[in-house]
Amino acid sequence: MEVLSSTTSYETIKVRFEEDICFIQIDRPEANNAINNSLVEEFTNVLNLCEEQIKIVVIEGSKEVFCFGADFKSIQESLENGVLHQEQNPELMYDLWAKLSSGPYITIAHVRGKANAGGIGFVAACDIVLCEEKAVFSLSELLFGLMPACVLPFLIRRVGFSKANYMTLMTQPVLAKQAHEWGLVDVYEENSENLLRKHLLRLRLLSKQGVIRYKGYINKLNNFHGASKEHALAANIEVFSDQNNLDKIARFVKTGQFPWE
């Protein structure tokens, strides 16, 4: 099999190929690994490269932050400059998560540090979720009048309606132990690097064709995200078009003041 090599330089991610494994690291340290248009576009392009040869895709962030959701700073800067903010196209982001959940490869989220808001979308869309004991998961959107509209179909698919609803309403961080009990995390331990290594050793025994057939079949059994797409996109556009919500975001970025303060 021809081994892929990454010759492209990316602005928002780091990519490396090791035989039939692709490692994608979210790399926006200046923005807490927040999601913007470039990240969605670059991530999608790499997943497209993986379809024919890659058997396993591993998603990581930094040791401190996996992914912190929408890029609030870009929203604040747009408002400061008097420019109508254009939120990243929610359909492109939604389709990216759909690729992770149903694409012809095994997807693994390796979470260290904080995963918040849209970061939970990356986590919930993956086939397998591994994390360190210190990892923290949260949905903070309702604090700003928003909602995890695009995240919820993938999260409900993984943990069920009641737990996804509770996380959304409470907006509180969930530790690794609780996330594991709820089904958001499959396995966790103190040394998650070793945990990832052991999983990769086992998963590499599977054939690419077997993975393709299985992923195609399991997606037909549980296509919750496909059935929910229209409603998720509409809800996302609605909350990010509300000027009051945008003003709350801008004030938080500029002053650190929460909406209720």
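Residues numbered from 1 in each chain as written. Predicted model: local features only at pLDDT ≥ 70, side-chain atom pairs only at ≥ 80, totals over all residues. Heavy atoms only, no water.

**Student:** Tell me about the overall build of the protein, and name the residues and values.
**Tutor:** The helix and strand inventory of the protein stands at 11 helices and 10 strands. The C-alpha radius of gyration of the protein comes to 18 Å, within 12% of the 18 Å expected for a compact globule of 261 residues. When its C-alpha atoms are laid out on the principal axes, the protein stretches across 55 × 40 × 35 Å. Per-residue burial over the protein gives 51% buried out of 261 residues. Within the protein, contacts between residues separated by at least 24 positions form 73% of all contacts whose residues are at least 6 apart in sequence. Of the side-chain charges in the protein, 26 are positive and 33 negative, and the distance between the mean point of each set is 6 Å. (Helix = DSSP H or I, 4+ residues; strand = E, 2+ residues; numbered from the N terminus. Rg over C-alpha atoms; globule rule 2.2 N^0.38 Å. Buried < 20%, exposed > 50% of the residue type's maximum accessible area, 1.4 Å probe, protein only. Contact = heavy atoms within 4.5 Å. Lys, Arg positive; Asp, Glu negative; His and termini not counted. Charge placed at Lys NZ, Arg CZ, Asp CG, Glu CD.)

**Student:** Tell me what's going on with unusual backbone geometry, and back it up with residues and numbers.
**Tutor:** Phi at Glu19 takes a positive value of approximately 55°, unusual for a residue other than glycine. With respect to the helices and strands, Glu19 occurs in the loop between β1 (13–18) and β2 (21–26). Note on Glu19: relative accessible area 51%, which makes it exposed. One non-glycine residue, Thr171, lies in the positive phi region at around 60°. Topologically, Thr171 is positioned in the loop between α6 (161–170) and β9 (174–175). On the basis of relative accessible area, Thr171 is assigned to the buried category, the value being 16%.

**Student:** Break down helix α5 (residues 152–159) for me, citing the residues and quoting the values.
**Tutor:** In terms of burial, α5 is a largely internal element, six of the eight residues being buried. Where α5 is buried, its residues meet α3 (90–102), α4 (118–125), β7 (128–132), α6, α7 (176–182) and α10 (224–240). Looking one or two residues beyond α5, the residue adopting positive phi is Gly160, at roughly 95°.

**Student:** Please provide a residue-by-residue account of the packing of α4 against α5, values included.
**Tutor:** Where α4 contacts α5, the axes come no closer than 8 Å and their chain directions differ by 45°. Considering the angle they form, α4 stands oblique to α5. You can see that α4 and α5 cross each other, and the crossing is left-handed. Counting all contacts with α4, which are made through Ile120, Val123, Ala124 and Ala125, the residues of α5 involved are Phe154, Leu155 and Arg158. Partitioning the contact of α4 with α5 into residue classes produces six nonpolar, no polar and one charged. (Axes fitted to C-alpha atoms, helices over the stretch in contact; angles between N-to-C directions. Parallel < 35°, antiparallel > 145°, perpendicular 65-115°, else oblique. Left-handed = near helix turned anticlockwise from the far one by under 90°. Nonpolar A, V, L, I, M, F, W, Y, C, P; charged D, E, K, R; others polar.)

**Student:** How would you summarise the environment of Ala135 if you had to cite specific residues and measurements?
**Tutor:** Structurally, Ala135 can be placed in the loop between β7 and β8 (136–138). On the basis of relative accessibility, which here comes to 0%, the residue Ala135 falls in the buried class. C-alpha separation for the pair Ala135 and Leu175, spaced 40 residues apart in sequence, amounts to 6.3 Å. Dropping the residues within four chain positions of it, Ala135 is found in contact with Val111, Gly113, Val174, Leu175 and Ala176.

**Student:** Lay out the sheet that holds β8 with the relevant residues and their values.
**Tutor:** Backbone hydrogen bonds are what pair the strands of a sheet, in a parallel or an antiparallel way. Taken together, four strands build an open sheet; the order of strands is β4-β6-β8-β9 and the sheet is mixed. Here the strands that pair on one side only, and so sit at the sheet edges, are β4 (65–67) and β9. Summarising the sheet, strand β6 (residues 114–116) and β8 pair through three bridges and their orientation is parallel. Looking at β8, one finds that Lys114 is bridged to Val136. (Pairing = 2+ DSSP bridges.)

**Student:** Run through the pairing of strand β5 (residues 106–111), naming residues and quoting values.
**Tutor:** With six of its six residues buried, β5 lies for the most part within the structure. Taking every second residue as pointing to the same face, both faces of β5 are buried, with Ile106, Ile108 and His110 on one and Thr107, Ala109 and Val111 on the other. Bridge count between strand β3 (residues 56–60) and β5: five bridges; the pairing is parallel. When the sheet's bridge partners are listed, Ile56 is paired in β5 with Ile106. In this sheet, β7 lies alongside β5 in parallel orientation, the contact comprising four bridges. Within the sheet, the bridge partner assigned to Val111 lies in β7 and is Cys131.

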